[in-house]
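A closer look at the structure
What follows is each chain in one-letter form.
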Amino acid sequence: MKPRRRGAAALAALAAAALLSGCADLGYYWQSASGHLGLMRAARPVPQWLEDPATSDALKAKLALAQRIRAFAVAELGLPDNASYKSYADLHRNAVLWNVVAAPPHSLTLKTWCFPVAGCVGYRGYYDEAAAKAEAATQQAQGLESAVYPVPAYSTLGWMNWAGGDPLLSTFIGYPEGELARLVFHELAHQVLYVPDDTMFNESFATAVERIGGARWLKTQASEAARLDYAQFDDRRQQFRALTADTRRALDAVYHSPEAKAQDWPAVDAKKAAAMAEFRQRFALLRAGWTGPRQGAYDGWVARANNAMFGAQAAYDELVPGFEALFEREGEDWPRFYAAVKRLAEMPKLERRQALGAPARSQPLAALR
C-alpha cells in the first residue's frame, strides 16, 4: 500500500473513533486524525534521507545514530522490532503537538479526558498551539488551573505499525546522544505495555525503561564526550526533579491540611503561595549555579508551574523507583521484567500502585472529567 493510501486509511479509522465518541468531540478527533496524517505524509524511510544529496551531513549523522539506537533497543533491551523509528519527518515546527493539562486549585489530581481504545488520560493533545491555548483558557474559565506544554514525540502504541509506524521527527532528532536514546527507548516502551486509564503507571514504566536503557547505552555505546555532556545535563535534571518532588510533597501536605479539611480556603491559599514562592526561590539558587549550554532548559517549566504542571510531572516520576526496584528483583533481565510489569497491569489500579511503593496520597481522590 502506498504511503498516501495508508494515511487515508488511518484517517478514516480515527474519524470512525470520533463518531463513536459523539458529535461533540468530532472537531477534536478530526484535528487529531488530520494532524497525524500530515506527520505520516511527511515521513520518508531513513535510507532515502541518507541517500539524498540535499540532506545535511549533520542530519545524516543523527539519523545514522538513531538507527544504531533503534537496533540497540531491540538487541539489548528487548524492545519491539517493528516499523517504528525507521523513517523520518521534518515538521518545520518546534513540537509535534501541544498538551493541555488541568487540575483543581487545591489538588494535584489531573483532570482526565477519555478516548476510544486509549481510555482516560490526564492530558489533551493538539497539533495547533493556538487551539491548545484556547482549550487551556476554557479549563481556566471552569475554575481549574491549566497549562500548555510542547511535546517532541508521542507513541501510537504500535497500533500504526501497519502504516509505517512512528517516525523519527525533526522535533527531537537534534537532541544530544544520551537524550535521543532515552526518548526512543521511552516511546518504544509504550509499545510493550499500555494500560487504559492509568497515565501514571504507563509513563512511569516508560520512564524507568528510558533511564535504565539510557544508562546502558551511554556505558557501552557512547563516546566519552557524549557521556560527559549527558552527565552534566542529567545532574541538573536530577536536581530539578528533587526540587519539584519536594514541592509536590509540600503542596500535597497543604491540600490535606487541617485548614483544607475545614475548607478554610484563604488559609490554604496562603500556604500554597508560600510553597510556590519557596519553589521559585530554590530554583533561582539552583539555576545560578549552572553554567554552559542549556542553562535555561527549565525556565519555561517554572514559568508555567502550577497544580497542573506538578500533577503532570508526577505521572512521569512517581512510580519510577518502584519499577527500577522491580527490574533489579527480576535479575535485570528484560523479558522477566516485562512479564512482571504485565502481571502488575492485571491488578486493580490502587493495588498495582501500592505494589510499586506509591504513597497513599499519590492516589487520586476522584477523576475529573
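Reference entry: report on the structure contained in this document. As the structure is a computational prediction, the values presented were derived from the model and not from experiment. (Residues numbered from 1 in each chain as written. Predicted model: local features only at pLDDT ≥ 70, side-chain atom pairs only at ≥ 80, totals over all residues. Heavy atoms only, no water.)

1. Looking at the overall build of the protein
Filter applied, for reference: Think of it this way: any DSSP run of H or I at least four residues long counts as a helix, any run of E at least two long counts as a strand, and we number them from the N terminus. Just to be clear, the radius of gyration here is over C-alpha atoms, and the globule rule we use is 2.2 Å times residues to the power 0.38. Burial classification: accessible surface area is computed with a 1.4 Å probe over protein chains only, and a residue below 20% of its type maximum counts as buried, one above 50% as exposed, and the rest as partly exposed. The contact criterion used is simple: two residues touch if any of their non-hydrogen atoms lie within 4.5 Å. In these tables, accessible area is a Shrake-Rupley quantity obtained with a 1.4 Å probe, and a residue counts as shielded only by the protein chains included in the view. This count recognises Lys and Arg as positive and Asp and Glu as negative, with His and chain-terminal groups excluded. Note on charges: their place is set at NZ of Lys, CZ of Arg, CG of Asp or CD of Glu.
From N to C terminus, the protein includes 15 helices and 8 strands. Its C-alpha atoms give the protein a radius of gyration of 21 Å, within 12% of the compact-globule value 21 Å for 369 residues. Judged by the C-alpha coordinates and their principal axes, the protein covers about 65 × 55 × 40 Å. Among the 369 residues that make up the protein, the fraction classed as buried is 51%. For the protein, contacts bridging at least 24 residues in sequence account for 74% of all contacts bridging at least 6. If you sum the accessible surface of the protein, you get close to 16,800 Å²; carbon and sulfur atoms cover 57% of it. Put simply, the protein has 42 plus and 39 minus side-chain charges, and the middle of one group is 3 Å from the middle of the other.

2. A look at the pairing of strand S3 (residues 97-103)
Rule in force here: Strands are treated as partners if at least two bridges between them are detected by DSSP.
Within S3, 7 of the 7 residues are buried, which leaves it mostly tucked inside the rest of the structure. Along S3, one buried face is formed by Leu97, Asn99, Val101 and Ala103 and the opposite face, lined by Trp98, Val100 and Ala102, is buried too. Where S3 and strand S7 (residues 145-151) come together, 7 bridges link them in antiparallel fashion. Bridged to Leu97 within S7 is Val151.

3. As for the state of the cysteines
Structurally, a disulfide amounts to a covalent bond that connects the sulfur atoms of two cysteines. Spelled out, the test is: Pairs of cysteine sulfur atoms within 2.5 Å are identified as disulfides in what follows.
The final tally for this structure, using the stated rule, is 1 disulfide. Note that Cys114 is cross-linked by a disulfide to Cys120, the S-S spacing being 1.9 Å. Because the torsion about its S-S bond is 95°, the bridge between Cys114 and Cys120 counts as right-handed.

4. What to know about the packing of aromatic side chains
Here the distance between the centres and the angle between the planes together describe a pair of aromatic rings. Just so we agree on the cut-off: Note on aromatic pairs: the rings of Phe, Tyr and Trp (six-membered ring only in Trp) are paired at centre separations within 6.5 Å, and the planes decide the class, stacked below 30 degrees, edge-to-face beyond 60, tilted for the rest. Charge over a ring is defined by NZ of Lys or CZ of Arg lying within 6 Å of the ring centre and within 35 degrees of the ring normal.
A full pass over the atoms with the stated rule returns 26 aromatic pairs. Ring plane angle 85° and centroid distance 5.5 Å describe the contact between Phe240 and Trp301, whose orientation is recorded as edge-to-face. Pair noted here: Phe240 is in helix H8 (residues 224-255) and Trp301 is in helix H11 (residues 299-304), with a separation of 61 residues, a long-range link. Over the face of the ring belonging to Tyr28 we find Arg124, whose NZ or CZ atom lies 3.7 Å from the ring centre. The ring of Phe201 has Arg352 sitting right over it, with the charged end atom 5.4 Å from the ring centre.

5. What to know about the sheet that holds strand S1 (residues 44-45)
Read across the sheet, 3 strands follow the order S1-S2-S8 without closing on themselves; strand pairing throughout is mixed. The sheet is open, and its two edges are formed by S1 and strand S8 (168-169), each paired on a single side. Where S1 and strand S2 (residues 87-89) come together, 2 bridges link them in antiparallel fashion. Following the sheet pairing, Arg44 is matched in S2 by Tyr88.

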